[in-house]
Amino acid sequence: MKQIKLSASGKADIASPAADVSLTGSVDDQPLDLKASLVTTDGKRSINGLAVSLADNRVSGDLGLDDNLLPLGTLTLDAADIAPLARLAGQTVAGDVRGTIRFANDDGAPTVAIDATSTAISRGEQAAKTIAVNALVANYLNAPATSGKIKADTITSGTTVISGIDVDLKRYGDWTGFSGGATVAGIPASASGRVRVANGTTSIELASGEATIRGIKAAIAQASTITIADGTTSLDRVVLNLGGGTATVTGKAGQ
């Protein structure tokens, strides 16, 4: 960042602060402009008229702040090229994103609703095309659980291509239920179950699943659990029906 110019005016009252803030400058020779007003009404703080622009990217909206200073309100995102925004966070990402992000509070737990689309996003060897996300993430700070729908034409990771992704998500307490399908490396597959992320461990309970490999259908024979922790995936007696027989898979796979 360079040529930064910050201006602020308002009332320095710790009980009822108020301020108008503006910042201009450049990031990697792209123009940066930020404006916002901090307002306190009846002891409640809010950020009104938030507007951030960086190159061809725009973020705008009004946000209230709850007693824990967590945001409440809606932001509109119109990012034709997210690369400059990503560089602000020290990341190298290319692509576009458009949509809204709505922050709320559900019985004391913070939630965020995302309604967004993208023609393409890429980061290193990972890329996705024609993405649509309509999801609600509950309790996103402590035990995130997601409901909604995610669709994408393709997701590429290295040489692996996943296409036709269509997944429905439902919230069950701190679990996220999922059902849907995709074609993975040319193999049609579908699955249903639930997933939970807690204490650095991802637990996946598969209720059903099947894939057709070279004309042979493989299916989950019974409910199975997969865990991911510290970059290692662990399978404990995952039983598959393979044509006229069965196979049991137990073991671990690293990153």
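Residues numbered from 1 in each chain as written. Predicted model: local features only at pLDDT ≥ 70, side-chain atom pairs only at ≥ 80, totals over all residues. Heavy atoms only, no water.

**Details of the overall build of the protein**
- A tally of helices and strands in the protein yields 1 helix and 19 strands.
- Across its three principal axes, the protein shows a C-alpha extent of roughly 75 × 40 × 30 Å.
- With 255 residues in all, the protein has 28% of them scored as buried.
- Long-range contacts, defined here as pairs at least 24 residues apart, represent 25% of the contacts in the protein between residues at least 6 apart.
- For the protein, the computed accessible surface area is about 15,000 Å², with 54% contributed by carbon and sulfur atoms.
- For the protein, the centre of its 22 positive side-chain charges and the centre of its 25 negative side-chain charges are spaced 4 Å apart. (Helix = DSSP H or I, 4+ residues; strand = E, 2+ residues; numbered from the N terminus. Buried < 20%, exposed > 50% of the residue type's maximum accessible area, 1.4 Å probe, protein only. Contact = heavy atoms within 4.5 Å. Areas by Shrake-Rupley, 256 points an atom, 1.4 Å probe, with all protein chains shown as cover. Lys, Arg positive; Asp, Glu negative; His and termini not counted. Charge placed at Lys NZ, Arg CZ, Asp CG, Glu CD.)

**Observations regarding the packing of aromatic side chains**
- Applying the stated rule across the entire model yields 0 aromatic pairs.
- Across from the ring centre of Trp175, 4.0 Å away, lies the NZ or CZ of Arg194, which sits over that ring. (Phe/Tyr/Trp six-rings, centres within 6.5 Å; stacked < 30°, edge-to-face > 60°. Lys NZ or Arg CZ within 6 Å of the ring centre and 35° of its normal.)

**Overview of the nonpolar core**
- Counting 15 residues, the largest nonpolar core has Leu50, Leu63, Leu75, Leu77, Ile82, Val97 and Phe103 as the members making the most contacts within it.
- With 3 residues, strand S6 (residues 71-79) is the largest single contributor of residues to this core.
- Dropping the residues within four chain positions of it, Ile82 is found in contact with Asn57, Val93, Ala94, Gly95, Asp96 and Val97.
- Grouped together as the second largest cluster of nonpolar side chains are 7 residues, Leu169, Phe178, Ile204 and Ile226 included. (Core = buried A, V, L, I, M, F, W, Y, C linked by side-chain atoms within 4.5 Å.)

**Considering the pairing of strand S8 (residues 97-106)**
- Alignment of S6 against S8, held across 7 bridges, turns out to be antiparallel. Within the sheet, the bridge partner assigned to Asp78 lies in S8 and is Arg98.
- Where S8 hands over to strand S9 (residues 109-123), the hairpin turn is made up of 2 residues, of which Asp107 adopts a positive phi near 55 degrees. (Pairing = 2+ DSSP bridges.)

**Re unusual backbone geometry**
- A positive phi angle, near 50 degrees, is found at Ala185, a position not held by glycine.
- Relative to the elements of secondary structure, Ala185 occurs in the loop between strand S13 (175-184) and strand S14 (187-198).
- On the basis of relative accessible area, Ala185 is assigned to the exposed category, the value being 54%.
- Non-glycine residue Arg237 carries a positive phi angle of around 55 degrees.
- When you line up the elements, Arg237 lands in strand S18 (residues 232-242).

**What about the environment of Val238?**
- Tracing the chain through its elements places Val238 in strand S18.
- For Val238, a relative accessible area of 4% translates into the label buried.
- In this view, Val238 contacts Ile220, Ser224, Thr225, Ala247, Thr248 and Val249; residues no more than four positions away in its chain are not counted.

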